[in-house]
Every structure is written in structure tokens, then in C-alpha cells.
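# Structural overview
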Amino acid sequence: MPEAGSASFSARADSTLAISWPMRARDPRFGQAERWLRYAVPGTLAVFLACLAGLAALHIQGQRAEILAGARAEVEGFARLAARAAAPAGTVVSDLRALLPENERHPGRRLLLVRPDARIAAAHPPLPAEIHTLAQVLGEGEPLSILGERAGAMTLELPGGETVLAALHSLPGGIGRVAVLQPVEPLLRGWSARTRDQIVLIAASALVIIGVGFAYGLQTRQAARADRARERMRGRLETALRRGACGLWDWDIARGRIYWSDSMYSLLGYQRQHEYLSFGDINGLVHPDDGDLYSLARGLAANQTFIDHAFRMRGADGAYVWLRARAEVVADSADGGRHLVGIATDISEQRALEETNAAADMRLRDAVEAISEAFVLWDTGNRLVLCNSKFRHLHALSPEDAQSGRGYADVMRRGVLPQVRRESPEAGMALTDIAARTFEAELADGRWLQISERRTKDGGYVSVGTDITSLKRNQEQLQASERELIETVKDLKRSRRTLELQTQQLADLAERYLDQKAAAETANQAKAEFLANMSHELRTPLNAIIGFADVMENAVLGPIGTPRYTEYCRDIRESGSHLLSMIDDILDMARLEARRVRLSPRAINAEAAIADALVPVSAEARQKAVSVSVDVPAGLDLLADPSAMHQILVNLVENAVKFTPTGGRVVVRARRAGASTHLFIEDNGIGIPRSDVARLGRPFTQVETQMTRSHKGSGLGLAITRSMVELHGGSLRIRSEETVGTIVLVRLPASSPHRTVPEIAAGRVPDAPRASRRAGRPVAA
């Protein structure tokens, strides 16, 4: 049994598996010999065929030579016998037919009787009439007539092209000679027939051998192709199993031997040593708490046909790997044995994810319990899923009463509903909204709750009750402070008008005027200090509200659960930012009225200034499909403070976009007019009644009443803009008509090298970050 750190297995090599899986050859040398044999067998057949053809050619050639040698001896002997028979008693026989009877033994043979002068005396068969000499028969320059008997039988080619065996013998007494001519072609007729038979036999044998070799080549090629296909199939199977973090099992139940795929070894980090593993080796790797293979074998013996079991196995590094085995019993048709065939999948990540989810669920419950709001979650059947102690305290429920799974009616019957003094819907939310509802409720004990009820994606129901008592009180205090501030500003304005009238009175009231002026300055200083203190007191909680709302909206510390919470955080942040901007407007207006603003005018490019002012309003314009166009001559400059000019343009363009309906248009133009520069901001929005145009530009003045207001704003934007323009030595004029649109004209001194704007001592215009922050919110007119 291998140890935990071992990276290999040992198994008996003589085991066989009834169900065969594609695998490598056991002996590489056998595969190499098989490859050599694939080439050696066709080569051996080719050599055998070449040897057979060579031997047949030699045998045929030997037969021909043997026939010609026998015929040559026979012709020579016949010539000798014919010479003796032609002159038996010293006289020449003129009738050669007796010497050469006509039969089939000597087909085509010719017998010539030649005189000593080389003329032919007799011939059988007869010669043509024009042939008279031996030279005419044998041809000129033939050696037979010269050598005579010493030449024996010679192979000659006659003038007509016929090949013959010729022999010449002298008659006794030198009275003449006898010539025998035997054509070769009749002698070789039998040899030619035998040769054809042998060639046909050899050709048939060659065809059989070539066919066998070709069939062997096809078979070996098909076998090689099958081997390659098997290796490719095995490689693909192993790749698919490895990519899927799976391993293949084949358990021979009768023999107790198990086959593992390479991916199974890779899954656990082991190395293959043999093809099969024993039952005990595998069982020793299973975690003791997850059962063993023996119980699994007993279940299979009890006619169990398939398994689906999760367990842990020890890997090569000693760590346990979670596996899920799915297998089915398969009967082997060869020997009738039973095999358990299936796959084992690595589910370690799934197990870790389940543990992580359980831990996350616990942390979620702790987080829900830790929040300061009353939280409750109901499922699609109105059964309780989760709630915290704040909810139980609000409804006077015990932990036993608020157990998960109880119905809504049962839970509410056990608890006590808090007494609600009054309810008010949140701005922008409808109480009749079925999917979501948010409202504020004042309880009988004076507390305020903001109750948010939402439907979950699965049809459940979640409710969150937030204690906003302090926020409500601060809001009431802020509204009271705002009203007091407005009254104070009105009093200051009345005081200033009174002082201006007193300056025009008689000289005898100068001392009294100076006393009143000193009193007004004292009141103005008190107002400035009051506004500064109020700004500090209000900004501190508002900055905290805005900051924490931004952190919660962007989920900096982690997800907060329901996506609707992000919308609430955004609403809190936007409301706080709007309230903070209103305070900033009030402070800016007070500083302008106290003439504590100092401008630093210089020549700035009009086109660049207008383009920068359009950036903050581009998003709102795109959202409302309002087209904003610019018409500025090239090279036109403005003599103004850059920050103040940016604030002026942003306020005017934002008002134009805000009061222009969807699909409208806004045009910004600039023109040089003598010693002035005119800026036109034109829109085709809702317009302003003529009776109300004169009131625009005053602090806290709005055309829409509190009952008909549809746009947010403090009413200070246009007043600040008018004051800024006047500080530049310019003026602001408004022309408007209801349902037609509005045109705002800003007249500024033209830019010239010798033109300056009087500086008003004490104070500065809001710096760039302040202007940028104001540019990001709408300014109501």
C-alpha cells in the first residue's frame, strides 16, 4: 500500500480487463518490430517474385540452348550419313528424295548436292530456277563453304532472313559435297509453346503474390490507421476528461481489479506504473469518514445497478480531494463478468463553495442583526425567512414567535403592531406601487420611521424600517432656520434701503445716518457670523450623510444586499447635496450683498469658456434629448474673472436646459457690440409670464408657486448670476413668453488692453473646486 506522499501505484501486470479501453502497447519493442515487419513482408515478396522470374528466364534460355545443341548434333550427323549414302560405290546419287524422305521428323529440312565447282547438282526440296550455286543459297562470305566439315553445324542467316542450322560434308573421293539446311523456327515451336505456358504460370503466380502483398499492405495501412485513430480517440478522451476534471473508472468486480484513466492519475497527482490497480490499493485511499469500497461492493452484490456517491480520496501530496463518482454496472459479453464503469468528478471547488456560502449566510445573518434598521424578509408564500432583533422589538415578538417558516398572519397575530400617528409618502414614490413602496410614519411615541417595502426577484417581500427621528428633527430645525434666515435677509434688505434713503436726507441727519449705518454694519456682521456658524453646523452632518451615503451606494465595504438600497443611498446623497448647495447659495448671496467679493478679470476666450460651461449640463441635456448649440465668432474674448464667468454661464445654461421640455433646444451665442460683448442664452422652454419677469433676479424669487413647483431650486441662482454680472460692470436682461421660450442677455464690457473692472475689496470669488461643485447641480431661477 503506498504512503500518502507516494506518487505512483503498483498493480499486478498479468491482470486483464474484459472491457478494453484504448491504451498504449505494453512492449515498445514489439511495436517497433511490427513496424519493421510491415515493410519487410512486401520486400520479401518482391525479392521472391524477382528470383522466380529470373530462374524461369534462365530455365527457358537453357531449354532453348539444349534444343539447338541437340539439333546441331543431329544435323551434323545427318550430313555425315547423307554424304555416305549419296556416293555408295563412288557414284553420285542424283535422287535425293531417298536420302531425305518426307515426314514430320525434319520439318523444313533441305538437302543439297554440290559439285566441286560449288554449283548445285541436286536439291530436295527443289530450289528456284534462278539459284545455281551454294553461295546464292547461303549468301556471300559465309564461312561454311570455306571451313567445310571442320565447322560442324553452324547457325546461319540466309539472304532471305531465315535462320538455319547448316552442315557441309565432302563426298568420298572429292567428287562433291553434301549440304544440310535445317530451319531453326520449326525446331523451336514446341519450346515456344512451353515458354508461353511457363510465362502464363509465372505471371499468374506473380499476380497472386502481388495481390497478397497489396492486400497485406492495405491491411497493415488500415491497421496503422486504426492504431492512429485509436490513439487520437484515446487522446481526445483523456483531454476531455482532464479538461473536465474527471477520471474514468472500470472496476472488474469479479477479479477485484480497477482500471484508471490517465486523467484520474493526474487528478490525484499519481504516476501510472501498471495498467490496473488492486481493490485494496484504491480502498486505502478513501477517507475513513466517507465509507469504503467494501460496502459499495456489498451494495453491488445486492443487485444495485448504479451508484452516485461523493467521497474523499488521498492525493499524492497527502491532501484529500473530494470526488463524486457516478457509475453503472455493465455486463461483459465475452466472459459474462460484471464491470462497474463510470467517471469520478473533482467537486472540491463545489464543496469549498458550499462551505463559503454557509459562512456567507452566517455573516449575512450577523450583518442583518448588526444593522440599526428593523429588517424582515418574507418568501413567496408569505412565510418568514429572516428578521433581526430590531424588527422583533418593534413588534414585541420573542425569538420563538419569529421563527423561520411561520406565516405572516401567524407572526403578526403573536406580535403587536406599533401605533402610527400619521404617514407621509416619500418624494417621488407612489403608495399604490405594487412592486415597491416607501413611506414615512410617525409613531405614537414621537419616533419617525422610514419604511421601505420591496418585492424580491423570486416573488418574496422585504421590508426595512429606518429610524429617521434625528433626521426629521434636523430637517425641521433646518427649515425653521431657513425661514429665519429668509426673514433676516429681508430685514437686512429693508435696513439697507432705509440706509440708502437716509443718505439722501438733509445734512442735519448725517450724524444719525452714520449711527444707523454703523448699526446696519453690526447687524450685517452678526448675519455673516450667524451664517458662518450655521454653515459649519449644517455642513458637518450633511457631509457625513453624503459621505456615508456615497460609501453605501458604491458598496465600498462590500455588497449591501438588495439593489434598492443603492437607490435609497443615492436619494440620500442627492438630497444632502441639494441641501448643501442651497446653504452655499445663501452664503454666496450674502457675500455678494456685503460686497465681500473680489474679482480678477482678464481676457478669456469666449468659445472655450462656453464649452467648459456646457460640460456639467451635457448629461442632463442628453437625458432630456435637448440639443445645445453654440454660435461664437472665432477669436472673441471676454473681459471677466474665469471662475465667476464659469459660474454665470453654468447657472444660465442649466436653467435653460432645466426649463426646456424633452426634445427642445438651447442656443448660446456671443457677439461684439461696440464697447460691450453680448452673450445670449436662448431656449424654447416653458417661458415666464410677463408679469413675473420683473421679479426674476431677486433672492429666493421663483416663478412657480409652492403648489405648482415641478423643479427643485433655492431661487438664488439667477440673483447670484445678476450680482456677478453687475460686479463685472455689466447687466442682465430677460425676455420671455409663456410656451414660447426665454432669452437671457448678458452684457459685459468688451476686452481691450486698457479696460479694467473695478475691484471690490475684501473677499474672493469661489475658487475652482467650488465652481466645479456648483456646476454639477441645477440652479433654480
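Predicted model, so just to flag it, every value in this text is computed and none were measured.

## Description of the overall build of the protein
Within the protein, the regular secondary structure consists of 19 helices and 24 strands. Every one of the 781 residues in the protein was classed for burial, and the buried ones make up 40%. When the accessible surface of the protein is totalled, it reaches about 43,600 Å², and 55% of it is carbon and sulfur.

## Here we look at helix α16 (residues 642-658)
Because each turn of an α-helix spans 3.6 residues, side chains separated by three or four positions in sequence point in the same direction. With 17 residues, α16 should cover 24 Å at 1.5 Å per step; its first-to-last C-alpha distance of 24 Å lies within 8% of that length. Within α16, 15 of the 17 residues are buried, which leaves the element mostly enclosed by the surrounding structure. The opening residue of α16, the one whose side-chain oxygen lies 3.1 Å from the backbone nitrogen of Ser643, is Asp641.

## Description of the environment of Val668
Note that Val668 resides in strand β21 (residues 665-673). When the C-alpha positions of Val668 and Leu614 are compared, they lie 9.8 Å apart, and in sequence the two are 54 residues distant. If sequence neighbours within four positions are ignored, Val668 has contacts with Ile610, Ser629, Val630, Asp631, Val653, Phe680 and Ile681.

## Considerations on a positive patch on the surface
Positive charge collects at one region of the surface, where Arg221, Arg225, Arg228, Arg232 and Arg236 lie side by side. If you trace the backbone, Arg221 turns up in helix α5 (residues 189-243).

## Structural notes on the pairing of strand β15 (residues 436-443)
Along β15, seven of the eight residues are buried, which leaves the element largely enclosed by surrounding structure. Bridge count between β15 and strand β16 (residues 448-455): seven bridges; the pairing is antiparallel. Directly across from Glu440, in β16, lies its bridge partner Gln450.

## A short note on the sheet that holds strand β24 (residues 741-749)
Where strands meet in a sheet, backbone hydrogen bonds hold them as pairs that are either parallel or antiparallel. Pairing is mixed in the open sheet, where five strands are placed in the order β19-β21-β22-β24-β23. The open sheet terminates on both sides in strands that have one partner only, identified here as β19 (627-631) and β23 (731-737). Recorded for the sheet is a direction-independent mean angle of 15° between the axes of neighbouring strands. Looking at chain direction, strand β22 (residues 676-683) and β24 are connected through eight bridges and run antiparallel. Counterpart to Leu679 in the pairing with β24 is Val746. Here helix α18 (residues 717-727) sits on the sheet in contact with β23 and β24, set at roughly 140° to β23.

## Here we look at the sheet that holds strand β6 (residues 246-252)
In space, the six strands of this open sheet follow the order β8-β7-β6-β11-β10-β9, with antiparallel pairing throughout. Either end of the sheet is taken by a strand with one partner, and the two such strands are β8 (276-278) and β9 (306-314). Within this sheet the neighbouring strands show an average axis-to-axis angle of 30°, counted without direction.

## Quick notes on the side chain of Ser463
With respect to the helices, strands and loops of the structure, Ser463 is situated in strand β17 (residues 461-467). What Ser463 contacts, discounting residues up to four positions off in sequence, is Ala374, Phe375, Val376, Ile451, Ser452 and Glu453.

## Here we look at α18
With respect to burial, α18 is a largely interior element, nine of its 11 residues being buried. Considered for burial, the residues of α18 that qualify are Gly717, Leu718, Ala719, Ile720, Thr721, Ser723, Met724, Val725 and Leu727. One or two steps after α18, the chain reaches Gly729, where phi turns positive at roughly 85°.

## Focus on the confidence of the model for the protein
In this model, the protein carries a mean pLDDT of 76, and residues with pLDDT of at least 70 account for 77%. Scored below 50 in pLDDT, residues 705-710 shows three contacts in the model against residues more than four places distant or in partner chains. Here residues 756-781 is a poorly scored stretch, pLDDT under 50, and it has 85 contacts once near neighbours within four places are set aside; other chains count.

## Quick notes on the packing of aromatic side chains
With the rule as written, the count across this model stands at three aromatic pairs. Taken together, a centroid distance of 5.5 Å and an interplanar angle of 75° make the contact between Trp260 and Tyr265 edge-to-face. For the pair formed by Trp260 and Tyr265, the shared burial category is buried. Measuring from centroid to centroid gives 5.0 Å for Trp378 and Tyr408, while their planes differ by 70°, and the two rings are edge-to-face. Within this pair, whereas Trp378 is found in strand β12 (residues 374-378), its partner Tyr408 is found in helix α11 (residues 408-414), the two being separated by 30 residues in sequence.

## Notes on the environment of Cys246
Relative to the elements of secondary structure, Cys246 occurs in strand β6. Accessibility expressed as a relative area gives 12% for Cys246, which makes it buried. In this structure the C-alpha to C-alpha distance between Cys246 and Ser261, which are 15 residues apart in sequence, comes to 9.4 Å. Apart from the residues lying within four places of it in its own chain, the contact partners of Cys246 are Leu241, Ser263, Met264, Leu267, Ile343, Ala344 and Thr345.

## With respect to the nonpolar core
Formed by 40 residues in total, the largest nonpolar core has its most connected members in Met645, Leu652, Leu679, Leu732 and Val746. For this core, the elements supplying multiple residues, two or more each, are α15 (606-624), β20 (637-640), α16, β21, β22, α18, β23 and β24. Per-element accounting of this core gives the leading share, nine residues, to α16. Residues in contact with Leu732, not counting those within four places in the same chain, are Leu652, Leu718, Thr721, Arg722, Val725, Val744, Leu745 and Val746.

## Description of the pattern of salt bridges
One pass over the structure, following the stated rule, counts 15 salt bridges. Here Arg414 ties to Asp401 by a salt bridge, and the two come within 3.5 Å at their closest N and O atoms. Residue Arg414 is found in helix α11, and its partner Asp401 is found in the loop between α10 (389-394) and α11; the two are separated by 13 residues along the sequence. Taking the relative accessible area as the measure of exposure, Asp401 reaches 16% and is therefore buried.

## A word on the packing of α16 against α18
Axis separation between α16 and α18 bottoms out at 9 Å; the angle between their running directions is 140°. Taken together, the axes of α16 and α18 lie oblique to each other. Helix-helix and strand crossings are classified by hand; for α16 and α18 the assignment is left-handed. Of the residues in α18, those in contact with Ala644, Gln647, Ile648, Asn651 and Leu652 of α16 are Gly717, Leu718, Ile720, Thr721, Met724 and Val725. Of the residues that constitute the contact of α16 with α18, the class distribution is seven nonpolar, four polar and no charged.

## Notes on unusual backbone geometry
Backbone geometry at Asn382 places phi at a positive 60°, although glycine is not the residue there. Of note in this structure, Ala625 is not a glycine but carries a positive phi near 60°. Looking at the secondary structure, you find Ala625 in the loop between α15 and β19.

## Some details on the side chain of Ser676
Within the secondary structure, Ser676 is located in strand β22. Within the local environment of Ser676, its side chain forms a polar contact with the side chain of Arg747, the two groups lying 3.5 Å apart.

Cut-offs and rules
- Residues numbered from 1 in each chain as written.
- Predicted model: local features only at pLDDT ≥ 70, side-chain atom pairs only at ≥ 80, totals over all residues.
- Heavy atoms only, no water.
- Helix = DSSP H or I, 4+ residues; strand = E, 2+ residues; numbered from the N terminus.
- Buried < 20%, exposed > 50% of the residue type's maximum accessible area, 1.4 Å probe, protein only.
- Areas by Shrake-Rupley, 256 points an atom, 1.4 Å probe, with all protein chains shown as cover.
- Expected span 1.5 Å × (residues − 1).
- Polar contact = N/O pair within 3.5 Å; in protein donor to acceptor, adjacent residues only side chain to side chain.
- Contact = heavy atoms within 4.5 Å.
- Patch = residues over 30% accessible without salt bridge, like charges linked within 9 Å, V, L, I, M, F, W, Y side chains within 5 Å.
- Salt bridge = Lys/Arg side-chain N within 4 Å of Asp/Glu carboxyl O.
- Lys, Arg positive; Asp, Glu negative; His and termini not counted.
- Charge placed at Lys NZ, Arg CZ, Asp CG, Glu CD.
- Pairing = 2+ DSSP bridges.
- Axes fitted to C-alpha atoms, helices over the stretch in contact; angles between N-to-C directions.
- pLDDT = per-residue confidence, 0-100.
- Phe/Tyr/Trp six-rings, centres within 6.5 Å; stacked < 30°, edge-to-face > 60°.
- Core = buried A, V, L, I, M, F, W, Y, C linked by side-chain atoms within 4.5 Å.
- Parallel < 35°, antiparallel > 145°, perpendicular 65-115°, else oblique.
- Left-handed = near helix turned anticlockwise from the far one by under 90°.
- Nonpolar A, V, L, I, M, F, W, Y, C, P; charged D, E, K, R; others polar.

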